[in-house]
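Structural overview
Here are the chains, one letter per residue:
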Amino acid sequence: MVIDTTRKDTMLRGLKRIFGGQTGQQKEARPALHIAATAVYPKRDRAEPPEPQNLYSAARQSQDRTRMYIHVQDARFDANDNDRQVLVGKSRYFAANNPFVSKILEITDAFVNGPGGLSVEPSNRLSRVNDKARALWEEWQDHCDFLGQHKFHYLTSMMLRLLLVDGECFVVLRDEPGKKPQHTIQLYETHRVRNPRGGGDTKNVINGIEYDPHGRPVAYYISEGLDGRAAPVRKPAKDVIHVFAPSRPWQLRGVPAVTPAINTLHDLEMLETAETRAAKANASVVAFISTPEGEVTPEDIQEAMARGGKIESFEGNGDVVCKPVDEQTHRMLEESIGGDVYFVREGVKRDQIAGERPSEILQKFWEYQIEKICIAMNISKLLVFPQSMQGTVTRADIASTDATFKALFSIMSDVVLRCYRWAMTGYSGEFGTVREEDYIQATISPPRSITADFGRESAAKINEYRAGFISLDDVAGRDGRSAEEIMRKRAQNYMLAKKICDEAGIDDSRIIYNPLAEQNFINTSIRERVDESKE
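Below or above, wherever it landed, is the structure these notes cover. (Residues numbered from 1 in each chain as written. Predicted model: local features only at pLDDT ≥ 70, side-chain atom pairs only at ≥ 80, totals over all residues. Heavy atoms only, no water.)

1. Structural notes on the packing of aromatic side chains
Defined as follows: A pair of aromatic rings is counted whenever rings of Phe, Tyr or Trp (Trp by its six-membered ring) have centres within 6.5 Å, and the orientation is called stacked for planes under 30 degrees apart, edge-to-face for over 60 and tilted otherwise. Only protein chains enter the accessibility calculation, which uses a 1.4 Å probe. A residue is then buried if its area is under 20% of the maximum for its type, exposed if over 50%, and partly exposed in between. The helix count covers DSSP runs of H or I at least four residues long, the strand count covers runs of E at least two residues long, and both are numbered beginning at the N terminus.
A complete count under the given rule lists nine aromatic pairs for this structure. Measuring from centroid to centroid gives 5.2 Å for Tyr 93 and Phe 94, while their planes differ by 75 degrees, and the two rings are edge-to-face. Judged by relative accessible area, which is 39%, Tyr 93 ranks as partly exposed. Judged by centre distance (5.7 Å) and plane angle (0 degrees), the ring pair of Phe 111 and Phe 405 falls under stacked. With Phe 111 in helix H5 (residues 99-112) and Phe 405 in helix H13 (residues 392-426), the pair connects residues that are 294 residues apart, well separated along the chain. On the basis of relative accessible area, Phe 405 is assigned to the buried category, the value being 3%. Every member of this aromatic cluster is reached through a ring pair, and the members are Trp 137, Trp 140, Phe 152 and Tyr 420.

Have a look at this one:
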């Protein structure tokens, strides 16, 4: 208990002033008052109360469990550069050699970026500006790579893969005046961003990134060149997009998405290798040959060859019994039988393990390990090992994975939108006197959601909207969009359809469908029929 001595002394002085000049009868009250004051404010030498006790068993160390290495600190101290490089190296190994991880990466790219990349649509106020921006964007996507190797949709696939495998990637915005396009981009992997001169972290440069006193990135030190061994070059933060998904404040660099499952992947690989070796060894042993001398050694073979040894075989209890033979005959036996042949001494018991590996229990354990890997990467096991895709549990599992894909889409859409604006500012001369904010606006539509029953969920959305239980914002919000964005997009589609129909001389209803207008038409027809029946 903490004693406020200042307050205690003040109270005692006040009591003395009050009772100091009183009568003897009143003075007799002083000891009682002193005792009361002491009870409220104990003396300093009194024993302090015990500290709060740890009543949470999870916070205690136990000899029944393995030791856990825990540290409560800022995220930037959880892993130094060397540890992070080890994590990245292991993650790249499994991405290249483990079919489960490779499948997960392919599925994630298919449902986050889509088959042909993210769809970007200009959404400026003026339709003529949108037409111009749309044509320039198509042109830029074919020549956006600073190295001139890949189109934009392939670069976005690499961005997502690096985000998952390495935990981050860096997009450098290149400005080349006089070239077309003037603005391009270049991707860099995580190991290319490191401290200058190969030194350690300093007060303001940490893991290759320079920060101001508030912790805001100021510059990135990136190693350029073909081999990546050149001295890092300082690039202003405004020219670099650091693509990563921090899970905590003050996390300065990304970590691979597969990090929680790296040890599980390693254990699974070792287990599979051991079982494969055992199965191969078991399958290769097809015959035991008994001889009086036992297993034939090279010396026995040489001696038998010197004596002109020959095989004398006969059937006995399913075994081939023979005398020592020459090497040629031994080889002929293995080739004719189709496997390894072992020589044992007559009368020795020999057993061969039945070919039942891996066992059913072990296969179940493998599936459990694979589920842990999928959970670590926030993806449903049903997408890696498709089974029956029915039932409420399956729909919930798929919906959870779809939410993960939408979260990744929000990250990628921010990067793509920034690349789009970088591309448009490089074409500023093409827009004449139009202000920059009037030609860099765009919307990005997510790919089709993954669902166990798309028709069921779509019909449910439509019915909820028509019944008035949800708004258009609720419908759009499930896909990470807004009602205004959808209505503006539909208005642009209608204007484009009307323009095309006017050029072709046909009714616009031939190429664009408006379900609300159709419903209004049906309701109007019903009311007219009711009115006619009343007349």
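2. Concerning helix H6 (residues 127-142)
What counts, and what does not: Each helix should span, by expectation, one fewer than its residue count multiplied by 1.5 Å. In this description, one arc is meant: the one made by directions from the helix axis to the C-beta atoms. Contacts were defined at the residue level, with two residues in contact if any of their heavy atoms lie within 4.5 Å.
Helix length check: H6, at 16 residues, gives a terminal C-alpha distance of 23 Å against a target of 22 Å (1.5 Å per residue), a fit within 8%. Those residues of H6 that sit buried are Val 129, Asn 130, Ala 133, Leu 136, Trp 137, Trp 140 and Gln 141. Projected down its long axis, H6 shows its buried positions confined to an angular sector of 135 degrees, all on one face. Check the buried side of H6 and you find it contacts strand S1 (119-122), helix H7 (152-165), strand S3 (183-188), H13 and helix H16 (483-504).

3. Re the sheet that holds strand S5 (residues 209-211)
In plain terms, the rule: Should DSSP find at least two bridges between two strands, the strands are regarded as paired.
One open sheet holds the four strands; their spatial order is S4-S5-S6-S7, and the pairing between them is antiparallel. Of all the strands in the sheet, the pair left with one neighbour each is strand S4 (205-206) and strand S7 (233-236). Sheet topology note: the S5/strand S6 (residues 217-222) ladder contains three bridges and is antiparallel. Following the sheet pairing, Glu 210 is matched in S6 by Ala 219.

4. Looking at the sheet that holds strand S2 (residues 168-175)
Whether parallel or antiparallel, the strands of a sheet pair through hydrogen bonds between backbone atoms. The criterion, for reference: Axes here refer to lines fitted to C-alpha atoms; in helices the fit is confined to the stretch in contact. Angles between the N-to-C directions go from 0 to 180 degrees.
Read across the sheet, three strands follow the order S3-S2-S8 without closing on themselves; strand pairing throughout is antiparallel. Strands with a single pairing partner mark the edges of an open sheet, and in this sheet they are S3 and strand S8 (240-244). Across the sheet, the axes of successive neighbouring strands diverge by a mean angle of 25 degrees, strand direction being ignored. The pairing of S2 with S8 spans five bridges and is classified as antiparallel. The residue of S8 that forms the bridge with Cys 169 is Val 243.

5. Side note on the layout of surface pockets
Gaps left between atoms are located by rolling a probe of water-molecule size over the structure's atoms. Inclusion rule: Method remark: on a 1 Å grid restricted to protein atoms, a set of points is classed as a cavity if a 1.4 Å probe fits but cannot get out and as a pocket if it is open with protein on both sides within 12 Å along at least five of seven lines; lining residues have an atom within 4 Å of a point. Grid points are joined across faces, edges and corners, and a volume is the space filled by probe spheres set on the points. Each residue gets one of three labels, nonpolar for Ala, Val, Leu, Ile, Met, Phe, Trp, Tyr, Cys and Pro, charged for Asp, Glu, Lys and Arg, and polar for the others, Gly among them.
The calculated volume of the second largest pocket comes to roughly 860 Å³. The wall of the second largest pocket is formed by 33 residues, among which Ala 245, Ser 247, Gln 251, Val 255 and Pro 256 lie closest to the centre. Listing elements by their share of the lining of the second largest pocket, those giving two or more residues are H7 and H13. A total of five residues in the lining of the second largest pocket trace back to one element, the largest contributor, which is H13. Grouping the constituent residues of the lining of the second largest pocket by class yields 17 nonpolar, 11 polar and five charged.

6. As for the pattern of salt bridges
Short version of the rule: What makes a salt bridge here is a side-chain nitrogen of Lys or Arg within 4 Å of a carboxyl oxygen of Asp or Glu, nothing more.
Counted by the stated rule, this structure contains 21 salt bridges. Where Asp 81 meets Arg 84, a salt bridge forms, and the shortest distance between an N and an O atom there is 2.6 Å. You can see Asp 81 and its partner Arg 84 sitting in helix H4 (residues 81-97), three residues apart, about one turn around the helix. Here the salt bridges do not stand alone but share partners, grouping Asp 81, Arg 84, Glu 168 and Arg 253 into one network.

7. Quick notes on the side chain of Thr 401
Inclusion rule: Polar contact is the term for a pair of N or O atoms within 3.5 Å; when the atoms are in protein, one must be able to donate a hydrogen and the other to accept it, and sequence-neighboring residues count only if both atoms are side-chain atoms.
Position of Thr 401 relative to the elements: it lies in helix H13. The exposure class assigned to Thr 401 is buried, which follows from its relative accessible area of 2%. One polar contact links the side chain of Thr 401 to the main-chain amide nitrogen of Ser 380, over a distance of 2.9 Å. Once residues lying within four places of it in the same chain are set aside, the contact partners of Thr 401 are Asn 378, Ile 379, Ser 380 and Leu 383.

8. A closer look at unusual backbone geometry
Residue Pro 181 is bonded to the preceding Lys 180 through a cis peptide linkage, with omega at 0 degrees. Topologically, Pro 181 is positioned in the loop between S2 and S3. In this structure, Asn 207 is a non-glycine residue whose phi angle is positive, near 50 degrees. Turning to its location among the elements, Asn 207 is positioned in the loop between S4 and S5. The class of Asn 207 is buried, set by a relative accessible area of 9%. Notably, Asn 378 is not glycine yet its phi reads approximately 55 degrees, a positive angle. Given the relative accessible area of 44%, Asn 378 is considered partly exposed.

9. Observations concerning the environment of Asp 145
Within the secondary structure, Asp 145 sits in the loop between H6 and H7. Asp 145 sits 39 residues away from Thr 184 along the chain, and the two C-alpha atoms are 5.8 Å apart. Every residue in contact with Asp 145, bar those within four places of it in the chain, is listed here: His 150, Leu 155, Thr 184 and Ile 185. Here Gln 149 takes part through its backbone nitrogen, which lies 3.2 Å from a polar atom of the side chain of Asp 145.

Any functional reading would require information beyond the geometric quantities listed.
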